[in-house]
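Summary of the model geometry
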Amino acid sequence: MSVKEEVKSGFTKRAIIVSVVLTILGFIVNTLTWWGNGISLEPFYAGRVGSGIYPPYGLVFLLMLASAWLGAQGFSLQEIAVITTVTFVAADSPFVVGAFLQFIFAGTYLAQSNPNVGALLSFYPSFWTPGLDKLNIINSAWQGGAVVPLETILPYLTFWIFMAFLYMVLMLFQASIIQKQLVKKEKLPFPTIIPINELSNSMRKGTFTTLLKNWWFLGSLLLGSFIGLIASLNYILKFTTVFFAYGQFYMTPLANFLTSISQSTVGGWWMLIPADVAIFFLAPLDILYSIVIYVFLLQVVYPLVLLSIGAITPGTYPDWGGPFPWVPFSVYWVPLALGIWTIVMGYNTYKESISKALSKTSETGEYSDSLLWGGFAVTILVWLAIWVIFGANVILLLISLIVWLVYTLGITAVHGYSGTWVSVYGAGTTGMITWASGSYLGVYHIDGTAANTKTAWANMAATAITADMGGVIQQNTHQTWAYTSTYALVDSTKCRDKDIFNAQLLGILLTALIAMPFGLWVAFGTGVGKLKAWGLGSGANITGWQIPFVVSNSTPPAGYNLYQAILAFILVGVLMFLRAKFAWFFFSPYAMFFYSGMWLLNAGIALVIKLIFLKVLGVKSYEEMGVPLAVGFLIGLTLFATIVMGLNAIISLFVASPISVGPTGA
């Protein structure tokens, strides 16, 4: 197929129609899979594989196959980029929908048995959640088999659709600004986008059919398909321990071995995740070396040393405790420090962008910087205004929001370098700083006693939402990291920046206006209490965030966090300086986010395979054999997730699903 280098726009009518149809199908199948089966895989179109959230490789491959067959009538690369972006960010909807709809159901229902939740109801605006006077409606939703009482529920649904839309747009504007640094200026590799870029480049160069004849590609496609089949059947036949995330295989013998030689001091998740191995294989060598060194030293060597010198007792896991709790250091404070230093390193980029915004200049194919910065500012102002009206302290609101946005920038950079699963711990960082700052501002009490004020509630509720409901929706693709990564499609597909922005905005609208009402319908019809996924009925945002420090006494966050924050800031800064100053210094501070043995296992395997290609077979072999190997494998894996798990979800509409797994695994 011959593809023109320049096309005016990929945001065409047919690309929009195909995107809408595919995304709506995704809403249906993915909700049935997550809410109905308790499996956090979005099989349409295999956006979530293993511990990472990856673009729909299988779908992209099928679109390119069809376009190659149709010739001039096929989709352009620009249109494929648009369809990819919409389905990637929007089809993965159950997490974000459940997170926001929980407010309609959980508060009133939980108030029946939890006095603390009942105390919160007095702080809520009338349109936040149905009150106890509408308990019959909430109970019917919990039991299922009910018709949505639209007239009663509409005010609450409308409000939370608006809040979800505002939240997602905030992430979109942030991503559209920071991509100028991470994608355009620094050109981070974004390993999760490399497979699509490889396919796109082959289409542009006219070598797509050659790729289809590459034995490394075809062999890995079959291998990926086989592993995808095994990963799917594992939920039915239980070959290994069944986890709620698709494509993860617990290495129980390895975990038992490490436990035995360490007197139970080495913990962590030891899972083989084939998709992660393939993505890590595409990541830079320095990242792989750094991950392996960092996790090996802290996950394995560190506890053994502590045990040998008597600093800990057998059976103690010195990850969250011990002399130096390295996991909270890695997940709470390193990403925040990375965000701060990323801004420092990108100072000139942001200065130039703001100058363009003030002068109202723009480049061809891009939305003006004034629109992006203006939209970002307006969204923030609207967000602040809403919560100030609800009673929040505006200074504390700003502190919380800035911390979250900086943390999000840091974790986006981690994803951009490594392609890894993103952190759910930014919620903890933001919450701790909100409490600490709020204590000095008089919103909370320094000793952790309940504040019992509307201001205390409003600030913690706002923080909980911007900090992803305690981490629940950080795993969703309506996030800064996901939006930013799609801009990495621009060069290979010759797509315009504004088309990517439009595609993301279309995905946001579909999620807010279609997925949320659909989720409401499923909730009333099936029953919130019968759904297997967490979030919708658990009220974790309420019990975990709005009760502590607001209506109940709580233990203040541990004091060591302040020192860890300072240490993270200094260490990340020093490492960034060393990397900028000395070409030989390979250790990357972006590897310091990684905190469990599963990354040591998967990054280690990827490193060994990559070294064989680069050092033994040569660089050319990596390009001609290694990359097609990884790309074909990921396509096969995601295709079978779509086929097998998608069929299971559809069949479960009519007969009982053969799959049985709860949110905690079994």
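About the criteria used
Throughout, a residue's number is its position along its own chain's written sequence, starting from 1. Residue-level local features of this predicted model are given only where pLDDT is at least 70; pairs of side-chain atoms are given and counted only at 80 or more, and the full residue set underlies all totals for whole chains, interfaces and linings. Derived side-chain values reflect all non-hydrogen atoms in the structure, with water molecules and hydrogen atoms excluded from consideration. By convention in these notes, a salt bridge is any Lys or Arg side-chain nitrogen within 4 Å of a carboxyl oxygen on Asp or Glu. Burial classes follow relative accessibility: with a 1.4 Å probe on protein chains only, a residue under 20% of its type's maximum area counts as buried, one over 50% as exposed, and anything between as partly exposed. Every axis corresponds to a line fitted to the C-alpha atoms, with the helix fit spanning only the stretch in contact, and the corresponding angles, defined between N-to-C directions, vary from 0 to 180 degrees. Under the DSSP-based scheme used, a helix requires at least four consecutive residues in state H or I and a strand at least two consecutive residues in state E, with every element numbered from the N terminus. Between 65 and 115 degrees an angle is taken as roughly perpendicular, under 35 as roughly parallel, over 145 as roughly antiparallel, and anywhere else as oblique. It is the rotation of the near helix from the far one that decides the hand of a crossing: anticlockwise by less than a right angle makes it left-handed, clockwise makes it right-handed. The contact criterion used throughout is that any non-hydrogen atoms of two residues lie within 4.5 Å. In the scheme used here, Gly and all other residues not listed as nonpolar or charged are polar, with Ala, Val, Leu, Ile, Met, Phe, Trp, Tyr, Cys and Pro taken as nonpolar and Asp, Glu, Lys and Arg as charged. The set of buried Ala, Val, Leu, Ile, Met, Phe, Trp, Tyr and Cys residues whose side-chain atoms join them within 4.5 Å is what this entry labels a nonpolar core. Two distance rules govern patches: like charges are joined within 9 Å, and nonpolar side chains (Val, Leu, Ile, Met, Phe, Trp, Tyr) within 5 Å, applied only to residues with over 30% relative accessible area and no salt bridge. A 1.4 Å probe and the Shrake-Rupley method give the accessible areas. Residues count as covered only by the protein chains that appear here.

**A short note on the pattern of salt bridges**
Side chains bearing opposite charge may pair, as long as their charged atoms lie close to each other. One pass over the full model with this rule turns up ten salt bridges. Residue D133 pairs with K134 through a salt bridge whose shortest N-O separation is 3.4 Å. Residue classification places D133 among the exposed positions, given a relative accessible area of 62%. R496 serves as the salt-bridge partner of D499, at 3.2 Å between the closest nitrogen and oxygen. Taking the relative accessible area as the measure of exposure, R496 reaches 27% and is therefore partly exposed. One network of salt bridges, in which partners are shared, links K180, K184, E366, D369 and D497.

**Focus: the packing of helix α1 (residues 13-37) against helix α23 (residues 497-526)**
Two elements in contact, α1 and α23, have axes separated by 10 Å at closest approach and are oriented at 40°. For the element pair α1 / α23, the angle class is oblique. When the axes of α1 and α23 are compared, the crossing they make is right-handed. Two secondary-structure elements touch here, α1 through I16, S19, V20, T23, I24, F27, I28, T31 and W35 and α23 through L506, L510, T511, I514, A515, F518, G519 and V522. Looking at the contact of α1 with α23 residue by residue, the classes come out as twelve nonpolar, five polar and no charged.

**Regarding unusual backbone geometry**
Backbone torsion omega between F44 and Y45 reads 10°, so that peptide bond is classified as cis. Summarising the element assignment, Y45 is placed in the loop between α1 and β1 (48-49). Its identity as a non-glycine residue notwithstanding, K187 has a phi of 50°, on the positive side. For K187, the location among the structural elements is in the loop between α7 (150-185) and α8 (194-205). On the basis of relative accessible area, K187 is assigned to the exposed category, the value being 53%.

**Focus: the nonpolar core**
Where a protein is soluble and globular, its nonpolar side chains tend to be buried together. Counting residues in hydrophobic clusters, the biggest one holds 231 residues, and the most contacted among them are F105, W128, W160, W387 and W457. Top element by residues in this core is α7. It accounts for 21 residues. Sequence-distant contacts of W457, defined by excluding residues within four places in its chain, comprise L120, F123, Y124, P125, W128, W387, F390, Q546 and V550.

**Brief notes about a nonpolar patch on the surface**
Together, I340, V344, L562, Y563, I566, F569, I570 and V574 give the surface a local cluster of nonpolar side chains, amounting to about 750 Å² of exposed area. At the level of secondary structure, the elements contributing two or more residues to the nonpolar patch comprise α14 (326-345) and α25 (560-581). In terms of residue count, α25 provides more of the nonpolar patch than any other element does, six residues in total. The residue Y563 is located in helix α25 in this model. Look at Y563 and you get exposed, because its relative accessible area is 60%.

**Concerning the environment of F390**
Structurally, F390 can be placed in the loop between α16 (369-389) and α17 (394-418). C-alpha of F390 to C-alpha of S113: the two residues are 277 residues apart in sequence and 26 Å apart in space. Not counting residues within four places of it along the chain, the set of residues in contact with F390 comprises P125, F127, W128, F159, K454, W457 and A458.

**Overview of the packing of α16 against α17**
Any two packed helices are characterised by the angle at which their axes cross and by the distance between the axes. Where α16 contacts α17, the axes come no closer than 10 Å and their chain directions differ by 135°. Looking at the two axes, α16 sits oblique to α17. Between α16 and α17 the crossing geometry is right-handed. Facing α16, whose interface residues are F376, I380, L384, W387 and V388, α17 presents V394, L397, L398, L401 and L405. Considered class by class, the residues forming the contact of α16 with α17 number ten nonpolar, no polar and no charged.

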